[in-house]
Amino acid sequence: MSSQEIPEDKHLPSEQGDAHHGGVAVADDPFADPGLPVHKPRIQDIDDRAAKRSERTVAMLFTVSMLATIAFIAAYVIIPVDKIVYIFPLGKVSALNFALGMTLGTALFCIGAGAVHWARTLMSDVEVADDRHPIAAPADVKAKVMSDFAAGAEESAIGRRPLIRNTLLGALAMVPLSGLVLLRDLGPLPEEKLRKTVWAKGKLLINQNTGEPLRPEDVQVGSLTFVQPEGLEEGTHEFQTEIAKAAVMIVRIQPDDIKDKRELEWSHDGIVAYSKICTHVGCPISLYEQQTHHVLCPCHQSTFDLSDGARVIFGPAGHALPQLRIGVNGEGFLEALGDFEEPVGPAFWERG
Amino acid sequence: MSTATDKRKAPAGERVADWADGRLGIYSLAKANMRKIFPDHWSFMLGEICLYSFIIIILTGVYLTLFFHPSMNEVEYHGSYVPMQGVMMSEAFASTLDISFDVRGGLLIRQIHHWAALIFVAAMIVHMMRVFFTGAFRKPREVNWVFGFLLLVLGMFTGFTGYSLPDDLLSGTGVRFMEGAILSVPVVGTYISFFLFGGEFPGSDFVARFYSIHILLLPGIMMGLLVAHLILVFYHKHTQFPGPGRTNNNVVGMPLLPVYMAKAGGFFFLVFGVIAAIAAIATINPIWNLGPYRPDHVSTGAQPDWYMGMPEGLIRAMPGWEINLWGHTLVLGVFIPLILFPLVLGAIAVWPFIESWVTGDKREHHLLDRPRNAPTRTAFGVAWIAEYIVLLIGGGNDMFAQYFHLSINAITWFVRIGFFAVPVLAFIITKRICLGLQRRDNDKVLHGRETGVIKRLPHGEFVEVHEPLSQDKLHTLTSHHQYTPAEIGPTVDENGVERKVGAMEKLRVKLSKGMYGEGNQIPKPTVEEYKEIQSGHGHH
Ligand code: HEM
Ligand code: FES
């Protein structure tokens with residue numbers, strides 16, 4: 001077979017090697033391809049003792065691997081799963097994890113090291129050249145394929161009977177719709193769900209630390225208290241989903257320091273309640289700076305000013321935290337005066 | 001094969017092979033491939049690292065499925081990790097604790113799985129860079145480039161879904177982040193979110209749903225792409241760097257059997273061994289320190305796995321723009337980062353197609369470029385990496401702020417400006433460096449290698465002795481091809497009829513000038529120049 005050459009385009013710069021193929025240097029072209037360099041023998045190729053040494057090294061690596069596997073099994077059997085040991089410089093670590101990982105690692109590594117050493121020192125390292133052939137088929141092959149295809153298409157009569165073709169295309173286009181429809185029950189429709197939380201008029205504010213309802217006098221200046229609505233029970237799915245919207249934080253601010261008029265109205269005696277869910281992408285806010293009344297979301301550092309309607313003063317959040325209107329009931333406990341007036345958490349298309 | 005004269009029975013191995021050949025045709029397959037030639041270069045091992053870490057991930061992942069319970073049912077923990085006794089948590093979290101504390105070797109396998117995943121994505125990016133900077137993506141390998149890029153994208157999502165499965169505080173925060181991002185999509189965002197989570201976030205479905213995506217859907221697609229990727233590497237035959245005896249029409253290296261097989265097979269064990277050792281000494285994702293997910297709790301310093309740091313940087317640096325109009329909200333502050341994520345990632349993926357459009361080169365390329373010899377391409381690649389790094393810094397802005405005692409504000413502004421400025425700077429600087437290196441190569445070719453030996457000339461001047469390069473070197477340094485910039489050509493044809501030049505054609509010519517025009521590449525020395533200078537040297 002005469003080797004097919006990769007075709008060259010005339011108008012493009014020439015590739016290396018096309019003028020002097022086969023590595024014959026043209027006498028007056030100093031840049032010509034001199035061809036493959038001659039093979040330089042390694043020490044193992046000429047010195048039998050060196051080759052023997054390599055052989056021993058490879059065998060030793062494989063042997064170490066076997067020993068490491070035995071050590072792995074022994075460690076698995078002997079070391080209790082909960083044993084903690086101090087290993088410098090790692091500190092306190094699980095003894096079993098350390099032993100299993102190191103023995104497994106050694107067993108694997110030595111197989112690899114042995115194989116690579118074997119390949120590098122003892123297997124032939126003579127470089128050989130193989131020909132490449134163009135990926136694209138020669139013209140006659142292409143012609144044959146085209147005529148075969150034309151024959152097939154002709155025999156199917158698809159070109160002559162467009163009615164079949166068109167109805168087939170229609171059927172194929174429609175059949176995936178069933179699959180799409182089947183996805184409908186993946187979940188309910190959003191409806192108003194993102195607008196409502198379990199907060200309602202009269203719901204007590206429960207301190208998440210103590211599990212008790214809060215009185216105004218429990219709320220100290222300068223501290224951030226996390227609260228949840230009464231009646232939410234931990235350890236259920238409903239809890240997870242509801243708390244994702246209903247988590248609230250309260251702080252006490254000197255009423256004179258409250259800059260926002262509505263905030264003051266919705267507060268009780270300087271106690272303000274805000275959604276704890278960041279309006280950026282929904283992380284819970286966790287840090288409070290008492291001098292400035294700033295709260296910070298740890299996820300992307302959005303910062304809100306609780307003394308000024310919780311407006312965003314830094315970071316990627318797009319709008320203020322929603323405020324919960326609170327008051328005090330007949331028994332002197334803090335209660336909500338209704339649900340949030342706007343959706344809590346991240347913004348969405350229907351939020352408006 | 002047994003002949004009439006060959007009476008003895010063939011050895012067992014041969015008989016098995018005969019059996020298989022009669023059914024599978026393995027001899028013809030082996031004839032073409034057993035002694036297939038593979039060129040050798042350290043950078044060709046990067047693809048292997050991807051392959052091996054993927055295999056390790058599959059092996060360890062299957063083991064984990066034997067113990068992991070993909071359920072969000074709330075249970076009370078009673079395993080052997082004392083600090084969590086009696087805590088309510090999802091079964092997913094509880095079973096992850098069990099794998100870590102009650103299954104012997106479970107922690108090791110978990111850690112190998114996670115480390116291998118991090119190394120997998122990192123190796124893919126580095127492998128992609130090697131393919132990019134050497135121009136290995138050129139015809140006929142564009143399709144394989146696309147397969148590879150899809151593997152990278154799928155790898156990132158597989159990592160993200162896996163990371164979310166234990167339902168711990170950190171991963172739950174990441175899922176919330178994703179939900180918030182989905183909500184920002186105009187018109188359909190809330191619907192997608194409700195369908196994905198089976199209702200409101202977090203609901204009780206997402207772990208089970210992510211599980212089937214993580215262990216079946218995405219790995220299944222990746223497996224198919226990976227096999228196709230490797231078949232194409234075989235079919236195209238590997239590229240090689242230019243050098244004596246290496247042409248566009250041959251492939252020089254060592255045969256698959258035995259050398260390449262031993263090296264590649266051995267390398268698998270090396271990679272696996274190293275990852276096992278890392279898993280033995282370096283804790284990763286200690287979910288027991290974090291606790292189970294609660295939507296109202298958060299750990300400080302919430303950080304995703306590194307490969308998600310890029311979108312994280314986008315979302316942190318973006319100003320919180322929100323537009324309220326006609327009762328609807330356009331959450332640009334989140335939606336723009338969501339769109340930029342695939343755009344930034346995809347910028348590198350489309351380059352090969354832009355380049356081949358600009359050059360109009362339809363030939364096959366099997367010889368790799370040295371990065372300096374394609375200055376514009378190299379500069380673009382470095383600009384892309386620079387952009388990626390800027391965003392990674394943005395993604396870890398709190399950590400950087402703490403570590404370098406800077407304000408987060410300063411870092412955020414650095415990222416906002418750097419997003420636009422750093423890639424441009426990186427582009428300009430890289431291009432200059434490439435051109436400088438090209439000049440240096442030219443010098444070497446024309447004047448020889450600096451020997452460090454100083455010679456005093458008769459008239460007292462000191463000069464460094466230059467030793468002429470060997471023909472091997474001369475050939476290697478001059479064998480790259482250089483494009484000539486495209487021209488618009490005459491706008492009036494021979495019959496005097498005006499020819500319309502389209503806007504696209506004008507753009508192509510402009511780009512071509514920017515890539516191959518004067519000042520954008522240093523013309524390589526010609527034989528005449530070389531000869532003239534060499535004969536000139538004789539006069540000294
Ligand atoms: C699952 C992930 C991947 C695996 C297992 C993988 C594996 C490999 C292997 C073993 C090779 C041959 C050795 C080498 O050149 O390094 C290769 C070559 C190649 N890979 Fe990948 N790769 C992956 C991802 C990627 C990515 C992300 C890209 C780029 C977007 C890519 C593009 C290519 C190309 C174009 C080649 C041919 C290179 C040549 O012949 O010089 N691959 N890949
Ligand atoms: S979620 Fe709070 S700043 Fe991003």
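Each chain has its residues counted from 1, running along the sequence as written. Just so you know, chain letters begin at A and ligand numbers begin at 1, following the order they were written in. Only residues with pLDDT of 70 or above have their local features reported here, since the model is predicted, and side-chain atom pairs are shown and tallied only from 80 upward, although totals for entire chains, interfaces and linings are computed over all residues. The side-chain figures draw on all heavy atoms in the structure; neither hydrogens nor water molecules are used.

Can you help me understand the overall build of chain A in this one?
Check the secondary structure of chain A and you find seven helices and 14 strands. In this treatment the radius of gyration is a C-alpha quantity, and the globule benchmark scales as 2.2 Å times the residue count to the 0.38 power. For 352 residues, the compact-globule formula gives about 20 Å, and the C-alpha radius of gyration of chain A, at 38 Å, lies well above that figure. If one aligns the C-alpha atoms of chain A with their principal axes, the spans along those axes are about 105 × 80 × 50 Å. Relative to its 352 residues, chain A shows a buried fraction of 41%. Considering only residue pairs separated by 6 or more positions, chain A has 56% of its internal contacts joining residues 24 or more positions apart. With the model as given, the accessible surface of chain A reaches about 19200 Å², and the carbon-plus-sulfur share is 60%. Separation between the mean location of the 32 positive side-chain charges and that of the 47 negative ones in chain A comes to 3 Å. Counting from the N terminus, the helices are the DSSP runs of H or I reaching at least four residues and the strands are the DSSP runs of E reaching at least two. Only protein chains enter the area calculation, which uses a 1.4 Å probe; residues under 20% of their type maximum are buried, those over 50% are exposed, and those in between are partly exposed. The contact criterion used is simple: two residues touch if any of their non-hydrogen atoms lie within 4.5 Å. Surface exposure here means Shrake-Rupley accessible area, sampled with a 1.4 Å probe, where a residue is shielded only by the protein chains that are shown. His residues and chain termini do not enter the charge count, which takes Lys and Arg as positive and Asp and Glu as negative. To locate a charge, take NZ of a lysine, CZ of an arginine, CG of an aspartate or CD of a glutamate.

Where do I start with the coordination of the iron atom of ligand 1 in this structure?
Each pair of donors in an ideal octahedron of six around a metal sits at 90 or 180 degrees, and each pair in an ideal tetrahedron of four sits at 109.5 degrees. Residue and element names in this part refer to chain B. In the first shell of the iron atom of ligand 1, the protein supplies His 127 (NE2) and His 229 (NE2), at 2.0 to 2.1 Å from the metal. Every donor counted, the six donor atoms about the iron atom of ligand 1 form angles of 82 to 179° at the centre, which fits octahedral coordination. You can see His 127 sitting in helix α5 (residues 106-133) and its partner His 229 sitting in helix α9 (residues 206-236), a full 102 residues away along the chain. Each metal's donors comprise the N, O and S atoms found within 2.8 Å of it (within 3.2 Å for Na, K or Ca). Water is not part of the atom list, so some coordination spheres may appear incomplete. Under the classification used here, a metal with four donors is tetrahedral if each angle lies between 85 and 135 degrees, square planar if opposite donors are over 155 degrees apart and the others between 65 and 115, a six-donor metal meeting that same test is octahedral, and anything else is irregular.

Looking at this structure, I do not really get the UniProt feature "domain: Cytochrome b/b6 N-terminal region profile" (unreviewed entry) in chain B. What am I missing?
The UniProt record annotates "domain: Cytochrome b/b6 N-terminal region profile" (unreviewed entry) at residues 16-242 of chain B. Note that residues 16-242 of chain B is 68% helix and 4% strand, and that its end C-alpha atoms are spaced 42 Å apart. UniProt positions are given in the numbering used here, feature names are shortened, and annotations may be inferred rather than shown by experiment.

Quick question: what am I supposed to make of the site of ligand 1 here?
Residue and element names in this part refer to chain B. Around ligand 1 lies a shell of 24 residues, among which His 127, Arg 130, His 229, His 238 and Thr 239 are the nearest. Polar contacts, as counted here, are pairs of nitrogen or oxygen atoms within 3.5 Å of one another; within protein the pair requires one atom able to donate a hydrogen and one able to accept it, and residues that are adjacent in sequence qualify only if both atoms are side-chain atoms. His 229 has a polar side-chain atom sitting 2.7 Å from a nitrogen atom of ligand 1. In this structure, His 238 approaches ligand 1 through a side-chain N or O atom, which is 2.6 Å from an oxygen atom. Elements with a minimum of two residues in the shell around ligand 1: α3 (45-65), α5, α6 (142-164) and α9. Residue polarity follows a fixed list, in which Ala, Val, Leu, Ile, Met, Phe, Trp, Tyr, Cys and Pro are nonpolar, Asp, Glu, Lys and Arg are charged, and the others, Gly among them, are polar. Its residues assigned to classes, the shell around ligand 1 comprises 15 nonpolar, six polar and three charged. Being near a molecule or strand, for a residue, means having at least one of its heavy atoms within 4 Å of it.

Just checking my understanding: could you explain a nonpolar patch on the surface for this structure?
Residue and element names in this part refer to chain B. Patches here are clusters of residues that have more than 30% relative accessible area and form no salt bridge, with a 9 Å joining cutoff for like charges and a 5 Å cutoff for nonpolar side chains (Val, Leu, Ile, Met, Phe, Trp, Tyr). Any Lys or Arg side-chain nitrogen located within 4 Å of an Asp or Glu carboxyl oxygen qualifies as a salt bridge. Together, Val 350, Ile 354, Trp 357, Met 504, Leu 507 and Leu 511 give the surface a local cluster of nonpolar side chains, amounting to about 500 Å² of exposed area. Elements that contribute at least two residues to the nonpolar patch include exactly α13 (332-359) and α18 (503-516). In this structure, Met 504 sits in helix α18.

Can you walk me through the confidence of the model for chain A in this structure?
All names here are of chain A. Of all residues in chain A, 92% have pLDDT values of 70 or greater, and the mean over the chain is 89. Known as pLDDT, the predictor's confidence for each residue is given on a scale from 0 to 100. Considering only residues more than four positions removed or in separate chains, one finds that residues 7-11, a stretch of pLDDT under 50, has seven contacts. Note on residues 14-25: pLDDT is under 50 here. Beyond four places in sequence and across chains, it has 32 contacts.

Sorry if this is basic, but what is going on with the packing of aromatic side chains here?
Aromatic rings in a pair are described by how distant their centres are and how their planes are angled relative to each other. Note on ring pairs: Phe, Tyr and Trp rings are taken, using the six-membered ring of Trp, and paired if centres are within 6.5 Å. Classes follow the plane angle, with under 30 degrees stacked, over 60 edge-to-face and the rest tilted. Tallied over the entire structure, the rule returns 31 aromatic pairs over all chains. Plain terms: the ring middles of B:Trp306 and B:Tyr307 are 6.2 Å apart, the flat faces sit at 80° to each other, and that makes the pair edge-to-face. In this structure B:Trp306 comes out as partly exposed when scored by relative accessible area, which is 30%. Directly above the aromatic system of A:Phe333 lies the positively charged group of A:Arg215, at a separation of 4.3 Å from the ring centroid. The ring of B:Trp413 carries B:Arg416 above its face, with NZ or CZ at 4.9 Å from the centroid. In this scheme, Lys NZ or Arg CZ marks a charge over a ring once it lies within 6 Å of the ring centre and within 35 degrees of the ring normal.

Honestly, the pairing of strand β8 (residues 462-467) of chain B in this entry has me stumped. Any pointers?
All names here are of chain B. Across five bridges, the pairing between strand β7 (residues 449-456) and β8 is antiparallel. Along β8, the bridge assignment pairs Arg 456 with Phe 462. Any two strands with at least two DSSP-identified bridges between them are counted as paired. Where β7 folds back on β8, the antiparallel hairpin that results is connected by five residues, among which Gly 460 adopts a positive phi of roughly 100°.

What is the right way to read α5(B) from this model?
Side chains of residues three or four places apart in an α-helix project in the same direction, reflecting 3.6 residues per turn. All names here are of chain B. Expected span of a helix: the number of residues minus one, times 1.5 Å. Across its 28 residues, α5 extends 40 Å between first and last C-alpha, which sits within 8% of the 40 Å expected from 1.5 Å per residue. Buried residues dominate α5, accounting for 24 of its 28 residues. Looking at the residues trailing α5, positive phi occurs at Gly 135, about 70°.

Explain the sheet that holds strand β1 (residues 37-38) of chain B here, please?
By definition, the strands of a sheet pair up through backbone hydrogen bonds, in either a parallel or an antiparallel sense. With antiparallel pairing, three strands are arranged side by side in an open sheet as β3(A)-β4(B)-β1(B). Of all strands in the sheet, those with a lone pairing partner are β3 (128-131) of chain A together with β1 of chain B, marking the two edges. Direction of pairing for β1(B) relative to strand β4 (residues 250-255) of chain B: antiparallel, over a ladder of two bridges. When the bridges of β4(B) are listed, B:Ile37 appears paired with B:Pro255.

I would appreciate a short explanation of the domain arrangement of chain B in the present structure.
Put simply, an interface is often sized by how much accessible area is lost when its parts join up. Residue and element names in this part refer to chain B. Boundaries of every domain are those given by an automatic assignment or by a domain database. Domains assigned within chain B are domain 1 (1-33), domain 2 (46-315 + 326-356) and domain 3 (370-480 + 524-540). Centre-to-centre separation of domain 2 and domain 3, based on C-alpha positions: 34 Å. Domain 2 puts 29 residues into the contact, and the matching count from domain 3 is 23 residues. Carbon and sulfur atoms make up 73% of the area that domain 2 and domain 3 hide from each other, which totals about 2200 Å². The largest share of the area that domain 2 buries against domain 3 comes from Phe 133, Gln 303 and Trp 351, three residues that together contribute 26% of it. One salt bridge in this structure joins Glu 355 and Arg 377, with 2.8 Å as the shortest N-O distance. For the interface between domain 2 and domain 3, the tally reads two residue pairs in polar contact (both at pLDDT 80 or more). Elements with a contribution of two residues or more to the side of domain 2 that touches domain 3: α5, α12 (309-317) and α13. Note: buried area is the sum, over both parts, of the accessible area (probe 1.4 Å) each one loses when the two are combined.

Please explain the interface of chain B and chain A as it appears in this structure.
At the junction of the two partners, chain B supplies 125 residues and chain A supplies 103 residues. Around 9700 Å² of area is buried between chain B and chain A when both sides are counted, 62% of it from carbon and sulfur atoms. For chain B, the biggest contributors to the area lost against chain A are B:Arg104, B:Asn249 and B:Arg363; these three give 8% of the whole. Summed over the shared surface of chain B and chain A, the result is three salt bridges. One salt bridge in this structure joins B:Arg294 and A:Glu234, with 3.3 Å as the shortest N-O distance. Inspection of the chain B/chain A interface yields 33 residue pairs in polar contact (both at pLDDT 80 or more). Residue classes in the side of chain B that touches chain A are distributed as 58 nonpolar, 45 polar and 22 charged. Strand direction decides the pairing type here: β3(A) and β4(B), joined by four bridges, are antiparallel. By the bridge assignment, A:Ala129 is partnered in β4(B) with B:Val252.

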